[in-house]
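One letter stands for each residue in the lines below.
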Amino acid sequence: MRHPERASLRRSLIAAVLGLVFVATAATTSTAASSSFSDVPKSHQFYTQITWLADEGFTTGYADGTFRPKDSVTREAFAAFLYRMAGNPSVSLPSKSPFKDVAKSEQFYKQIVWAYQTGVSTGYSDGTYRPEDKISREAIAAFLYRSEGRPSVTVPGYSPFSDVSTSAQFFKEMIWLYTAGITTGYADGTFQPKGNTSREATAAFLYRVDGHPLNNPSLEIPSSFTVSGSGWGHGVGMSQYGAYGMALAGSSETDILTHYYAGTTVKTVAADSDIKVELFGSGSDSRDAVDVIVRSLGDDATDDGQWQMRFYNNGSSSPHTTWTGKNNETLKVTRSGNSVKVTRDGNVSATATDDVSLRWESTSSYQSSSAEDVYVDLYKAGTSSRATHGKYRHGEMTISVPSTSYPRLIVSNTLDLNTEYLYGIAEMPSSWSAEALQAQAIAARGYALNAIKSYGSTCDCNLYDDARSQNFSGWTKESEGTDAYYGKRWVAAVDATNSSAGANGKVLMYGSSIAKTYYFSSSGGQTERSEDVWVSQPGYLTSVADSWSLNSRNPNDSWTYILTQAKAKSIFGLSDVVSIKVTSRTAGGSDAAAKVVTATSSSGKTATISGPDTIRNKIVAGKSPWLWSFSPKY
């Protein structure tokens with residue numbers, strides 16, 4: 001609360017000092033007070049403070065109507081200020097000046113003596129006061145601190161200013177100036193303690209001391225940081241929520257795709273190929289055992305879900321053992337060295353040194369004329385917990401151990417790319433509009449046709465069933481909803497992009513090549529160039545506007561994430577972290593992804609994390625690189 005008597009004392013002092021500093025030093029006189037100065041426009045950083053000085057009658061500025069905000073204040077003037085702030089007390093003047101460069105005839109001799117006698121200023125070690133020197137910012141801190149009665153200060157173990165060490169002569173006084181809300185320092189994190197104190201800074205200091213302190217952040221080490229951001233995913237290619245928003249606004253699937261993949265065209269190509277998807281065996285699925293069960297949707301009495309399992313040894317194209325069976329039998333699969341061992345009901349086992357194949361009824365490879373809906377479930381060994389995120393209706397499975405370098409079981413699913421595989425792509429809610437679903441189907445087809453060009457021996461696959469490639473849940477997606485209502489919507493969207501009974505399908509072309517159609521959930525307002533996130537790619541993977549992502553339909557329109565102090569220290573490799581800022585963004589403006597994030601420790605040491613994809617994965621658990629702020633929590 002502002003004290004009226006102290007405010008009155010401050011006014012008398014400020015009026016006198018600023019009259020001296022702002023008028024006498026210019027060797028001119030001012031004729032009238034003014035709240036407007038020709039060199040202090042409303043856009044000036046300290047317009048409010050300087051105008052306050054004039055409106056309170058503390059200064060009239062110069063006769064030419066200027067304030068000269070960048071001019072400096074002297075040490076003798078500041079002594080006079082503090083003397084008047086103390087109420088112009090009587091001073092017992094000594095017969096000899098305490099400072100060899102301050103004569104008894106000096107204009108401010110009494111005020112300087114008072115500052116010396118009260119301990120506000122001791123001068124310099126050589127016995128001088130240097131009255132006409134410009135007062136430094138650290139001296140301002142010391143003078144004000146002492147004149148305010150040397151208030152209690154909790155001195156932190158680190159400095160809020162990069163150019164002020166904890167061992168600095170006036171560290172405590174500068175900390176008080178900061179915690180009392182009298183200064184924030186400079187925008188670059190410095191205090192510039194040896195720098196002169198300008199008239200505009202003096203105006204700001206006095207304004208804040210008079211009862212308008214700043215709300216400076218705490219100097220404690222934060223326990224955590226609340227990160228605010230938008231979007232989800234890597235940011236390259238099509239934004240799925242963006243596609244949904246465009247579709248709702250009336251855009252066709254072609255409009256959507258050619259917006260997000262600049263310079264591409266939609267064309268129909270041959271797409272009737274087999275593709276191999278790893279269902280189990282790497283990433284979070286890396287295990288030595290899995291239970292496999294074939295099931296049928298119908299009554300067990302009529303729909304028996306028949307299956308065939310064949311065991312192969314290395315160097316042989318013919319199975320050495322073939323099993324047949326029907327639904328609901330648990331096939332316990334384990335790895336034994338580089339071999340695959342399967343144990344069925346009755347404790348009957350067989351082993352393959354190469355791989356094991358599983359085929360089931362009503363697929364193209366086994367009893368294709370059957371009308372049963374037969375599918376395969378995979379469970380974590382000995383439990384009722386699913387080992388994968390899907391069920392599998394089409395194709396056939398291969399169970400193998402890839403090599404001694406990758407000692408784990410691999411289960412892959414070989415199926416038709418254009419219909420069976422795409423029917424199981426679970427990348428977009430099937431309730432969304434048809435145009436968005438068709439755009440997703442075309443993008444997924446192009447991605448798969450590019451993936452089929454390569455084969456990974458360690459996964460026995462062309463692609464994975466998760467975010468490393470495309471999310472594939474098979475029959476779970478295709479049969480989604482009551483009576484497969486939503487699954488049928490997705491299948492219809494895939495079929496709408498097919499032709500020639502599924503032999504051909506639409507893709508995006510960039511020149512003569514099928515575009516690599518990367519996509520993600522949503523952005524913070526724009527997509528990102530591939531070279532900013534990963535490496536340089538063809539020109540269609542560029543940054544485009546994506547305002548459609550920023551909508552209340554999107555649960556990641558805005559989000560927060562708690563980054564603990566422990567994790568922040570680990571991420572940045574610092575002893576502690578007191579502040580985190582986005583210090584560089586990709587091209588595109590304020591809605592661009594974070595490109596460089598900088599953390600500062602209590603000692604002033606900094607560390608950075610660079611690259612949008614690295615930033616999102618290290619700092620916010622993979623959410624997105626569209627980070628807006630890091631708010632410390634104490």
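Everything numeric in this text was worked out from a predicted model, so none of it was measured.

Asks: How would you sum up the overall build of the protein? Please name residues and give values.
Replies: Looking only at helices and strands, the protein has 16 helices and 24 strands in total. Its C-alpha atoms give the protein a radius of gyration of 37 Å, clearly above 26 Å, the size a compact globule of 634 residues would have. Along the first, second and third principal axes, the C-alpha atoms of the protein reach 120 × 50 × 40 Å. For the protein, the proportion of its 634 residues judged to be buried stands at 52%. In the protein, 71% of the contacts between residues at least 6 apart in sequence involve partners at least 24 apart. Put simply, the protein shows about 26,600 Å² of open surface, and 47% of that area lies on carbon and sulfur atoms.

Asks: I'd like a rundown of the pairing of strand S5 (residues 289-296), residues and numbers included.
Replies: Of all the eight residues making up S5, seven are buried; the element is thus mostly covered by neighbouring parts of the structure. Strand direction decides the pairing type here: S5 and strand S8 (residues 330-336), joined by five bridges, are antiparallel. Looking at the pairing, aspartate 291 lines up with lysine 332 of S8. Pairing of S5 with strand S12 (residues 374-380), which is carried by seven bridges, proceeds in the antiparallel orientation. Considered in S12, the bridge of aspartate 291 is made with tyrosine 379.

Asks: How would you summarise the packing of helix H9 (residues 253-260) against helix H11 (residues 434-451) if you had to cite specific residues and measurements?
Replies: Contact geometry of H9 with H11 gives a least axis separation of 8 Å together with a crossing angle of 55 degrees. By the angle class used here, H9 and H11 are oblique. Our pair here, H9 against H11, has a crossing hand that is right-handed. Counting all contacts with H9, which are made through Glu253, Ile256 and Leu257, the residues of H11 involved are Glu435, Ala436, Gln438, Ala439, Ile442 and Ala443. Its residues placed into classes, the contact of H9 with H11 shows six nonpolar, one polar and two charged.

Asks: Account for the pairing of S8, naming residues and giving values.
Replies: Bridge count for S8 against strand S9 (residues 339-344) is five bridges, and the pairing is antiparallel. Bridging across to S9, lysine 332 finds its partner in threonine 343. Between S8 and S9, which follow one another and run antiparallel, lie two residues, and glycine 337 among them has a positive phi close to 65 degrees.

Asks: Describe the sheet that holds S8, with residues and values.
Replies: In space, the five strands of this open sheet follow the order S10-S9-S8-S5-S12, with antiparallel pairing throughout. Two strands lie at the open edges of the sheet, namely strand S10 (348-352) and S12, each paired on one side alone. On average, each strand axis in the sheet is inclined to that of its neighbour by 25 degrees, with strand direction left out of account.

Asks: Provide a residue-level description of the side chain of asparagine 556, including the pertinent values.
Replies: Looking at where asparagine 556 falls in the secondary structure, it is placed in the loop between helix H14 (530-533) and strand S20 (559-564). What asparagine 556 contacts, discounting residues up to four positions off in sequence, is Ser230, Gly231, Trp232 and Ser522.

Asks: Which residues make up helix H7 (residues 199-209), and what are the values?
Replies: For H7, the buried fraction is high: 11 of the 11 residues fall into the buried class. Positioned one or two residues after H7, glycine 211 has a phi angle of 130 degrees, which is positive.

Asks: Quick one: what's the story with the packing of aromatic side chains, residue by residue and with numbers?
Replies: Tallied over the full model, the rule gives 19 aromatic pairs. Ring centres of phenylalanine 311 and tryptophan 323 lie 4.9 Å apart, and the angle between their planes is 70 degrees; this geometry places the pair in the edge-to-face category. With phenylalanine 311 in strand S6 (residues 307-312) and tryptophan 323 in strand S7 (residues 321-325), this pair connects stretches of sequence that are 12 residues apart. For the pair phenylalanine 311 and tryptophan 323, one class covers both residues: buried.

Asks: Talk me through the state of the cysteines; I want residue IDs and the actual numbers.
Replies: Following the criterion strictly, the structure yields one disulfide and no others. A disulfide bridge connects cysteine 459 with cysteine 461, and the sulfur atoms are separated by 1.9 Å. Handedness of the cysteine 459-cysteine 461 disulfide follows from its S-S torsion of about -85 degrees: it is left-handed. Across this residue pair, the class does not change: cysteine 459 and cysteine 461 are buried.

Calculation rules
Residues numbered from 1 in each chain as written. Predicted model: local features only at pLDDT ≥ 70, side-chain atom pairs only at ≥ 80, totals over all residues. Heavy atoms only, no water. Helix = DSSP H or I, 4+ residues; strand = E, 2+ residues; numbered from the N terminus. Rg over C-alpha atoms; globule rule 2.2 N^0.38 Å. Buried < 20%, exposed > 50% of the residue type's maximum accessible area, 1.4 Å probe, protein only. Contact = heavy atoms within 4.5 Å. Areas by Shrake-Rupley, 256 points an atom, 1.4 Å probe, with all protein chains shown as cover. Pairing = 2+ DSSP bridges. Axes fitted to C-alpha atoms, helices over the stretch in contact; angles between N-to-C directions. Parallel < 35°, antiparallel > 145°, perpendicular 65-115°, else oblique. Left-handed = near helix turned anticlockwise from the far one by under 90°. Nonpolar A, V, L, I, M, F, W, Y, C, P; charged D, E, K, R; others polar. Phe/Tyr/Trp six-rings, centres within 6.5 Å; stacked < 30°, edge-to-face > 60°. Disulfide = S-S within 2.5 Å.

Worth remembering: the numbers are spatial, not functional.
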